[in-house]
Amino acid sequence: MQDLKLAVLIDADNISPKYVKVILDEAASFGVAACKRIYGDWSDARLKSWKDVLLNNSIIPIQQYSYTTGKNATDSAMIIDAMDLLYAGNVDGFCIVSSDSDFTRLAARLREAGKLVIGVEGTYPPFTYHDDSGELTGLDIELGKALAEKLGVEAEFQEAAWDSLLIGIDSGRFDTVINSVSITDERAEKYDFSDPYYYEARRVVVRADDDSIQTPEDLKGKKIATNATNAFIPWYEAQGAEIVGVDTSSEAIDLVLSGRADFLGTSVPVLNAYLDEHPDAKDKLKEAFVIPDSEDVIAVPVRKGETEYLDAINAALAELREEGKLKEISEKYLGGDYTESAYQ
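Now for a look at the structure at hand.

Conventions adopted
Residues numbered from 1 in each chain as written. Predicted model: local features only at pLDDT ≥ 70, side-chain atom pairs only at ≥ 80, totals over all residues. Heavy atoms only, no water. Pairing = 2+ DSSP bridges. Helix = DSSP H or I, 4+ residues; strand = E, 2+ residues; numbered from the N terminus. Axes fitted to C-alpha atoms, helices over the stretch in contact; angles between N-to-C directions. Contact = heavy atoms within 4.5 Å. Salt bridge = Lys/Arg side-chain N within 4 Å of Asp/Glu carboxyl O. Buried < 20%, exposed > 50% of the residue type's maximum accessible area, 1.4 Å probe, protein only. Core = buried A, V, L, I, M, F, W, Y, C linked by side-chain atoms within 4.5 Å. 1 Å grid on protein atoms, 1.4 Å probe; cavity = no way out; pocket = protein on both sides within 12 Å on 5 of 7 lines; lining within 4 Å. Points joined across faces, edges and corners; volume = space filled by probe spheres on them. Phe/Tyr/Trp six-rings, centres within 6.5 Å; stacked < 30°, edge-to-face > 60°. Parallel < 35°, antiparallel > 145°, perpendicular 65-115°, else oblique. Left-handed = near helix turned anticlockwise from the far one by under 90°.

1. Considerations on the sheet that holds strand 4 (residues 93-97)
Here four strands make up an open sheet; going across it, the order is 3-2-1-4 and the pairing parallel. Bordering the open sheet on either side are strand 3 (60-63) and strand 4, each of which pairs with just one other strand. Sheet twist, expressed as the average angle between the axes of neighbouring strands with direction ignored, equals 25°. Direction of pairing for strand 1 (residues 4-11) relative to strand 2 (residues 31-40): parallel, over a ladder of eight bridges. Note that in strand 2 the partner of Leu9 across the bridge is Arg37. On the sheet, helix 1 (residues 20-28) packs against strand 1, strand 2 and strand 4 and is oriented at approximately 155° with respect to strand 1.

2. Here's the deal with the pattern of salt bridges
By the definition in use, this model includes 15 salt bridges. Lys115 is paired through a salt bridge with Glu156; the nearest N and O atoms lie 3.2 Å apart. In this pair, Lys115 is assigned in strand 5 (residues 115-120) and Glu156 in strand 8 (residues 154-159), connecting sequence segments 41 residues apart. A residue is classified by how much of its surface remains accessible, and Glu156, at 15% relative accessible area, is buried. With a closest N to O distance of 3.2 Å, Arg321 and Glu340 form a salt bridge.

3. Some details on the sheet that holds strand 15 (residues 264-266)
Reading across the sheet, the three strands line up as 15-12-16 and stay open at both edges, with antiparallel pairing between neighbours. Lying at the two open borders of the sheet, with one neighbouring strand each, are strand 15 and strand 16 (285-290). Taking the axes of each pair of neighbouring strands and ignoring which way they run, one obtains an average angle of 40° across the sheet. Each of strand 12 (203-207), strand 15 and strand 16 is contacted by helix 10 (residues 268-277), which is oriented at about 110° to strand 15, the strand it contacts most.

4. What about the nonpolar core?
When a protein is soluble and globular, its nonpolar side chains tend to lie buried together. The biggest cluster of nonpolar side chains holds 31 residues, and the ones touching the most others in it are Leu143, Leu147 and Tyr197. Mapped by element, the contributors of at least two residues to this core are strand 5, helix 5 (139-151), strand 8, helix 11 (307-322) and helix 12 (325-334). Once you skip the residues sitting within four places of it in the chain, Leu147 turns out to touch Ile178, Val300, Ile313, Ala316, Leu317 and Leu320.

5. Looking at empty space enclosed by the protein
According to the stated counting rule, one finds one cavity of 30 Å³ or more in the structure shown. In this structure, the largest cavity occupies an estimated 60 Å³ of space. Elements that contribute at least two residues to the lining of the largest cavity include exactly helix 5 and helix 12. When residues of the lining of the largest cavity are assigned to their parent elements, the largest contribution, three residues, is made by helix 12.

6. Considering the packing of aromatic side chains
In the structure shown here, the tally under the stated rule is four aromatic pairs. Ring centres of Tyr124 and Phe127 lie 5.3 Å apart, and the angle between their planes is 25°; this geometry places the pair in the stacked category. By relative accessible area, which is 32% here, Tyr124 ends up partly exposed. On the accessibility criterion, Phe127 (1% relative accessible area) is buried. Between the aromatic rings of Trp235 and Tyr236, the centroid separation amounts to 5.6 Å while the plane-to-plane angle is 75°, which identifies the pairing as edge-to-face. Owing to a relative accessible area of 0%, Tyr236 belongs among the buried residues under this scheme. In textbook terms, an aromatic cluster arises when at least three aromatic residues are bridged by ring pairs, as seen for Tyr124, Phe127 and Tyr198.

7. Some points on the packing of helix 5 against helix 12
One way to put it is that helix 5 packs onto helix 12 with a least axis distance of 9 Å and a crossing angle of 160°. With respect to helix 12, the element helix 5 is oriented roughly antiparallel. The way helix 5 lies across helix 12 gives a crossing that is right-handed. Taken together, the residues of helix 12 that come into contact with helix 5 (itself represented by Leu139, Glu142 and Leu143) are Lys325, Leu326, Ile329, Ser330, Lys332, Tyr333 and Leu334.

8. Quick word on unusual backbone geometry
Cis geometry marks the peptide bond from Pro125 to Pro126; its omega dihedral reads 5°. Assignment of secondary structure puts Pro126 in the loop between strand 5 and strand 6 (129-130). Residues other than glycine seldom take positive phi values, yet Ser58 does so here, at roughly 55°. For Ser58, a relative accessible area of 53% puts it in the exposed group. Of note, the phi angle at Asp293 is positive, near 55°, even though the residue is not glycine.

These results come straight from atomic positions and should not be treated as a statement about function.
Structure, rendered in structure tokens:
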């Protein structure tokens, strides 16, 4: 994949030179810094610490004299340069470096140039991952592309660790995150969520020849293979099940297949991942029932108050659902249609 050409624009009035390596390293994770400029009044003694840093990192200083107090000319120069670069089409993206919140609108305007910036992990199959050729793919990648097409923009995926994805919405780095984000009370306080596009309920899985488990009441006296950190252990114990400790889901499935445990509780993606690696086990396991109140509802988060944006996403999702595209994507990556609640 060809590296993106980036414009790195730094506000010297608000950024210390000690951060320049962090800034350039972060930019390098997304592409090549084809343009590196820094803005300030270089006659001001407070900026003299930037001198060696600029030389060592080939950053071009842009002089703006401070003729007035209050809002100085540095901000205006940076904004004008950014817009010139945008309309010239010489760069693929921007890295705006400032602690000044006045640049938030500039970042938003640059994004309005026809891109939907989507945060993803890239390491979470079957939702966002790299295939054998290195291409980013998965259920959420296809969904993001389909949404962007409906919205009339280009989908741009940026990878980040899970812990920093939603923070990327807060900072304006991402327009949204499409990475199997479930709706929780805590998240709903910070973000608005679209209509759901996927439902993930935990299921009790048994051997294909075992008909003794069909309801929660049948778990009494049965052995479940599960990790000790499983959040559903209290529920299993309340049904009278005996816990058999394992470290991984693969170990749990192996114990059930060997008869050393009677069942396991798992989600469709986890089970399918195992079956992809062990195709001979597909006829040896079956779903007994869906665990009550275990369903995660997956949707698209956006910043609070972006009503028109959220309405547009919901309209696009509704069209994709009506056209059968959501079902098609679910069946492709999950082996079935999980676009409706398991409890309906």
